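Chain by chain, the residues run as shown.
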Amino acid sequence: MNDALTRAAFLQKTSLASAALLLSSLELFAAAEEKIIKVAIIGCGSVSNRYIVHLQSSPLVKIVSLCDIKIERAEAQNKKYNIGANTYNHIDALLKGNAFDLMLTLTDMQMHGALNKIALGAGKNVWSEKPLANTYAEGKALVDYAKLKGVRIWGAPAVVTSPQFEFMSKTIQQGKLGKLASAHGQYGHTGPTWSSFFYEPLGGSMPDLGVYNMATLTGLLGPAKSVMAMTSIVNKEREIDEKGIVQVKEEDNAHILLEHDNGVISHIMCGFNYFDPFGHEAKNQTLHSIQIFGDKGNMRLIGYDWEPKSVILDNSWTEPPQIHQTDDGGYQWQEGATRIAGALSKNIEPRINVLHSLHVLEIIEAARKSSKEGLKVKLVSSFPFPMV
Ligand SMILES: NC(=O)c1ccc[n+]([C@@H]2O[C@H](COP(=O)([O-])OP(=O)(O)OC[C@H]3O[C@@H](n4cnc5c(N)ncnc54)[C@H](O)[C@@H]3O)[C@@H](O)[C@H]2O)c1
């Protein structure tokens, strides 16, 4: 449902005679349509700094609760950002506390599935940082459970909302690259130092970093039918702030091959051992992190897909490559939850689709299986395509 249709339907149904009355009714209707969404955040660590500021920029959002098992983190964020929320140290207390509409799950990756299930069970909508669960089966069960409970769940990343993604998708759909054949995506840095969960079982560079390219490439090329991968652990130990040396138990280096429809093959490489001064703060990144090749043209995304700068389109034998979409339109990678709150508020369907997140989750699990067993792994999941 979009705003224009809703208003048209309203106008058709209304039988108010006077223009003045109609106007004030419309204003009331708009106000009713744009409900303020009450948000609760669980997990008040590193990424919450980015989320809170973005959420506070929206008139449609009110952060009412903050929760962290380290309660002092919830209290510190409440104070630092002058939120005025209630703070809790456990999800049960959070659910019994201030009423809210949308929970943001920003905890360790391994906790997402369990916390998301509890929130859905309590009738809350959920925006989850990636991954939304630890396995495809767990993620699928969450989506089914949300339906049963009459609520919604969505998962990061938000790469499909960038104007650069939109430009690339439209360019492909308009046939400007001819018959598509191959694509490549890459993302890496030297790994987080602030928490050990990134290196523990079910952490790893795929759900933390590769997930962005997986969302972008499937979003542009369509669902994958099968996966082959090689993953490894390059650094067996890591030094974590306030914790010291930990053993690395999940892959920190991965190459993933995806088979799409019509013979299209894409490749993703990600890892926690990539020297890159712009790996985490990507403002000045000039790398072509996504490349798409067809027989009539190719496209290169400048910067990372989560913080894109522009797109170079090369589809002429005589003209030089053209730079497109240098305007980010205000897109920020941390905008997913704000967008979902806006969609809930206005009762519109966002572009971010949980079936797409589930598909990416299945790819991650399949890549692990493929690498472990030396197999090509078939996928069962899909999502509505094209996205734009
Ligand atoms: N840090 C980033 O820049 C960044 C960027 C994009 C996405 N992410 C994703 O965000 C998520 C969180 O990452 P982070 O870097 O903020 O980690 P972090 O370790 O800084 O923060 C996680 C917080 O969750 C809390 N927590 C853990 N279990 C909990 C539970 N059961 N209940 C309540 N609180 C709990 C921890 O105490 C901690 O404060 C991860 O999924 C990560 O992949 C992080």
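Residues numbered from 1 in each chain as written. Predicted model: local features only at pLDDT ≥ 70, side-chain atom pairs only at ≥ 80, totals over all residues. Heavy atoms only, no water.

## Focus on a nonpolar patch on the surface
Item 1. A contiguous nonpolar patch, built from Met228, Leu257 and Ile265 and spanning about 250 Å² of accessible area, is present on the exposed surface.
Item 2. Structurally, Leu257 can be placed in strand 11 (residues 253–259).
Item 3. Given a relative accessible area of 39%, Leu257 falls into the partly exposed group. (Patch = residues over 30% accessible without salt bridge, like charges linked within 9 Å, V, L, I, M, F, W, Y side chains within 5 Å. Areas by Shrake-Rupley, 256 points an atom, 1.4 Å probe, with all protein chains shown as cover. Salt bridge = Lys/Arg side-chain N within 4 Å of Asp/Glu carboxyl O. Helix = DSSP H or I, 4+ residues; strand = E, 2+ residues; numbered from the N terminus. Buried < 20%, exposed > 50% of the residue type's maximum accessible area, 1.4 Å probe, protein only.)

## Re helix 10 (residues 336–346)
Item 1. In terms of burial, helix 10 is largely enclosed, as eight of its eleven residues are buried.
Item 2. Restricting attention to buried positions, one finds in helix 10 the residues Gly336, Ala337, Thr338, Ile340, Ala341, Gly342, Ala343 and Ser345.
Item 3. In the segment just after helix 10, Asn347 is the residue with positive phi, at about 60 degrees.

## A closer look at the confidence of the model for the protein chain
Item 1. In this model, the protein chain carries an average pLDDT of 92, and 91% of its residues clear a pLDDT of 70 or more.
Item 2. Counting interchain partners and residues more than four positions distant, the pLDDT-below-50 stretch residues 1–31 has 21 contacts. (pLDDT = per-residue confidence, 0-100. Contact = heavy atoms within 4.5 Å.)

## Observations regarding the packing of helix 7 (residues 136–149) against helix 11 (residues 354–373)
Item 1. Contact geometry for helix 7 and helix 11: axes closest at 9 Å, N-to-C directions at 165 degrees. Taken together, the axes of helix 7 and helix 11 lie roughly antiparallel to each other. Relative to helix 11, helix 7 is oriented so that their crossing is left-handed. Contacts between helix 7 and helix 11 pair Tyr136, Gly139, Lys140 and Val143 from the former with Val354, Leu358, Leu361, Glu362 and Glu365 from the latter.
Item 2. A per-class count over the contact of helix 7 with helix 11 returns five nonpolar, one polar and three charged. (Axes fitted to C-alpha atoms, helices over the stretch in contact; angles between N-to-C directions. Parallel < 35°, antiparallel > 145°, perpendicular 65-115°, else oblique. Left-handed = near helix turned anticlockwise from the far one by under 90°. Nonpolar A, V, L, I, M, F, W, Y, C, P; charged D, E, K, R; others polar.)

## Looking at the environment of His280
Item 1. Here His280 lies in the loop between strand 12 (265–271) and strand 13 (288–294).
Item 2. When the C-alpha atoms of His280 and Ile63 are compared, they prove to be 26 Å apart, with 217 residues separating the residues in sequence.

## Description of the pairing of strand 11
Item 1. Residues Ala254, Ile256 and Leu258 point to one face of strand 11 and are all buried, whereas Asn253, His255, Leu257 and Glu259, pointing to the other face, are not buried.
Item 2. Taken together, the seven bridges between strand 8 (residues 226–232) and strand 11 define a ladder with antiparallel strand orientation. Within strand 11, the position partnered with Ser226 by the bridge is Glu259.
Item 3. For strand 11 and strand 12, the ladder comprises seven bridges, and the chain directions are antiparallel. (Pairing = 2+ DSSP bridges.)

## Re the sheet that holds strand 15 (residues 307–314)
Item 1. Spatially, nine strands are ordered 16-15-14-13-7-12-11-8-17 in an open sheet, and the strand pairing comes out mixed. If you trace the sheet from one side to the other, it starts and ends with strand 16 (322–324) and strand 17 (377–378), each paired once.
Item 2. Inspection of the sheet shows strand 15 paired to strand 16 by three bridges, in the antiparallel sense. The residue bridging Val311 from the neighbouring strand is His324, located in strand 16.
Item 3. The strands touched by helix 8 (residues 163–173) within the sheet are strand 7 (180–188), strand 13, strand 14 (298–304), strand 15 and strand 16, with strand 15 carrying the most contacts at an inclination of about 25 degrees.
Item 4. Contacts between helix 9 (residues 205–221) and the sheet are confined to strand 7, strand 8, strand 11, strand 12 and strand 13, with strand 12 contributing the most and set at about 160 degrees to the helix.

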